[in-house]
Amino acid sequence: MRLTQPLPSFLASSLAHEQPQCLLRGTSPVASGMNFFLELWKTKGRIMSMIAAYYKNKSILITGATGFMGKVLMEKLLRTSPDLKVIYILMRPKAGQTLPQRMLQILSSKLFEKVKEVCPNMHEKIRPIYADLGQSDLAISKEDMQELLSCTNIIFHCAATVRFDEPLRHAVQLNVTATQQLLLMASQMPKLEVFVHISTAFSNCNLKHIDEVIYPCQVEPKKIIDSMQWLDDAIVDEITPKLIGDRPNTYTYTKALGEVVVQQESENLNIAIIRPSIVGATWQEPFPVSPAPGPQAGLHVDLLLAQTSSCPSSFSSHEMLDKGVLLAGVSLGWVDNLNGPSGLIIAAGKGLLRSVKAAPMAVADLIPVDTVVNLTLAVGWYTAVHRPQSTLIYHCTSGNLNPCNWGKMGLQIMASFEKIPYEKPFRRPNADFTTNTFTNQYWKAVSHWAPAIMYDLYLQLTGRKPRFTKLMNRLSKTLSMLEYFVNHSWEWSTSNTDMLMLELSPEDQRVFNFDIRQLNWLDYIENYVLGIKKYLLKEDMSGIPKARQQLKKLRNIHYFFNTALFLITWRLLIARSQMARNVWLFIVSFCYKFLSYFRASSTLKA
Ligand SMILES: CCCCCCCCCCCCCCCCCCCCCC(=O)SCCNC(=O)CCNC(=O)[C@H](O)C(C)(C)COP(=O)(O)OP(=O)(O)OC[C@H]1O[C@@H](n2cnc3c(N)ncnc32)[C@H](O)[C@@H]1OP(=O)(O)O
Ligand SMILES: NC(=O)C1=CN([C@@H]2O[C@H](COP(=O)(O)OP(=O)(O)OC[C@H]3O[C@@H](n4cnc5c(N)ncnc54)[C@H](OP(=O)(O)O)[C@@H]3O)[C@@H](O)[C@H]2O)C=CC1
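Nothing here was measured: the structure is a model prediction, and the numbers come from that model.

A.B. asks: What is the right way to read the site of ligand 1 from this model?
C.D. replies: Contacts to ligand 1 come from 30 residues, most closely from Arg 163, Phe 164, Thr 200, Tyr 251 and Gly 340. One of the backbone nitrogen or oxygen atoms of Val 162 is found 3.3 Å away from a nitrogen atom of ligand 1. Within the backbone of Phe 164, one N or O atom sits 2.8 Å away from an oxygen atom of ligand 1. Coverage of ligand 1 by the protein chains reaches 79% of its 1,500 Å² of free accessible surface. With six residues, the top contributor of residues to the shell around ligand 1 is helix 20 (residues 468-486). The residue makeup of the shell around ligand 1, split by class, is 19 nonpolar, six polar and five charged. Residue contributions to the shell around ligand 1 reach at least three from each of two domains, namely domain 2 (36-280) and domain 3 (331-364 + 397-490 + 514-539).

Spelled out as structure tokens, the structure:
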């Protein structure tokens, strides 16, 4: 092959470095390195993604592929590296579905639509393997284990329990012991090139400034794992608060223990750790991006509505949305679970959540899931190819590069509800952040509990099943679990992530973009709210004008109710207090005089 253009500097410098073992088997380093990069060179003079090329012909093991992040990771891998050999998925049957049925359902979802175009045989690339990370030996069969040990090149370990109220024993099993088991497996894999462990930026949330290092835990993870074998549940529950110390829950504590376990095994393995902050809906992929940044932000929703309302009746609104989205380049934030902010956005959009105790100036460290996945794939490539001497930790956060605080984010969410209202709201969305505990309690009593109790009473009187107090109980529990994260701010250093960005070729920076500075929060939040409506609530976009009408109706009811309440209170006051009567007489006579003056002056002018 002849080069039509000179090699760019990053390729030339890469060739000068020592080449990765996995790429050089059987040939001299320079020659095979040259061949590898020449293969990347496209005839039109454009460089193919080096990261995508790295995953070609690789056998990749993913845990947690049925989860939020795992699905996006699998999608991106298949879309950008359709020539990969196989993806082994460690998974368990769920909700009456067998492994193949579960996998089929995931692969036929909207998220994988684009993959079908580039990788029509994607089903053949996926190999589900039964595993239960909740069991000490992971419950993998002998045959499957044999295949995994002999074939795996890359491991992405995403599986975890992310519940904040998980009993310590279960959280330790999932987030620590299973990680240890997986590392043990990894150490027996002769072809393994890299092990990428997904942790969380909040594993050390007891600190204010967090560096890209592993912090020691007070009690050795091995001791914790051992003690879980013989301590009974009552004692485990009793010692839990002492063990987690100043962390808010068992999740963050066990994720920190998991990191220490990874560190202890890192001498023999090529490992990297990713620490994402609060993972939100997709930003740029797999659905196209809005072309309207800056002042035009928000234009796409109106465009979408205009298209939806003028669509020919032969098109369903979904089709129209999809066509509109693709034609106009409108992006939708894809999301498929209620974790993090998503559940609370729904609760606020439906008018159930109206007060959150939060520090409005605290940094809202949200990170889109596609950004996390891009960094994960880039880290996998970099760690395998460059084999850093120590285990590198990568913070995947937004706060230091493109900060947005909770106050601003809350306002943007509320503004988005005006454009994209959710259907059948309980009340008009009107949520607010309060810093004061007493004020928060007051608003919860008045705006959460009182309407819920009243509505349930009404439901009972009309012979229906009450459900709002139960819903409020659940919301209160969720709020109490999440409030810690909206009342604190953290600083995460991102030196390794910044370094990696510089190591990428321009093409890789484009295809595996994790530069959060390019994110426009206004657009992102709007797309997030829109994505929740479509993918989580499964509401029809053609219903938006009707939902807007309903909001107007609720607003009028709200004004009517408040006015009536005011008048009744006032009437009662007048009946009981001389002072209230005097004030009332003063206001009435003032209004009368003002009107008389206004009428007299207008007669004079005429
Ligand atoms: C201007 C003002 C505007 C205001 C605008 C206001 C909006 C914006 C406000 C922004 C503030 C954002 C703060 C984010 C902080 C995130 C920090 C993450 C940091 C760490 C990140 C990580 O590193 S880790 C990933 C995160 N990890 C979780 O985020 C798990 C949490 N979660 C649980 O720990 C369990 O969920 C928990 C809760 C125990 C319940 O437990 P539980 O037993 O009561 O409930 P279950 O989960 O079993 O679910 C039973 C039923 O509740 C439904 N449901 C579940 N969650 C729901 C939910 N959030 N909202 C509604 N509904 C929910 C579910 O769909 C079931 O419904 P159904 O019964 O119909 O099937
Ligand atoms: N979401 C977030 O905000 C953040 C997440 N993270 C980390 O990212 C990773 C992925 O999180 P996310 O995708 O959001 O979480 P999800 O809860 O969506 O997914 C968790 C995954 O783990 C699997 N899993 C759980 N228990 C078992 C088990 N016993 N056996 C086999 N598999 C099991 C789940 O399988 P199943 O479908 O069968 O339940 C699922 O695939 C986690 O390590 C988490 O700590 C870090 C920071 C923030």
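Further notes follow.
A.B. asks: Any chance you could explain the pairing of strand 7 (residues 271-276) here in plain terms?
C.D. replies: Side-chain positions along a regular strand alternate between the two faces of the sheet. Extensive coverage of strand 7 is indicated by the burial of six of its six residues. Alternating residues of strand 7 divide into Ile 271, Ile 273 and Arg 275 and Ala 272, Ile 274 and Pro 276, and every residue in both groups is buried. Bridging between strand 5 (residues 194-198) and strand 7 involves four bridges; their strand directions are parallel. Paired with Val 196 across the two strands is Ala 272, which belongs to strand 7. Across five bridges, the pairing between strand 7 and strand 11 (residues 392-396) is parallel. Across the sheet, residue Pro 276 finds its bridge partner in strand 11, namely Cys 396.

Calculation notes
- Residues numbered from 1 in each chain as written.
- Chains lettered and ligands numbered in written order.
- Predicted model: local features only at pLDDT ≥ 70, side-chain atom pairs only at ≥ 80, totals over all residues.
- Heavy atoms only, no water.
- Near = heavy atom within 4 Å.
- Polar contact = N/O pair within 3.5 Å; in protein donor to acceptor, adjacent residues only side chain to side chain.
- Areas by Shrake-Rupley, 256 points an atom, 1.4 Å probe, with all protein chains shown as cover.
- Helix = DSSP H or I, 4+ residues; strand = E, 2+ residues; numbered from the N terminus.
- Nonpolar A, V, L, I, M, F, W, Y, C, P; charged D, E, K, R; others polar.
- Domains from an automatic or database assignment.
- Buried < 20%, exposed > 50% of the residue type's maximum accessible area, 1.4 Å probe, protein only.
- Pairing = 2+ DSSP bridges.

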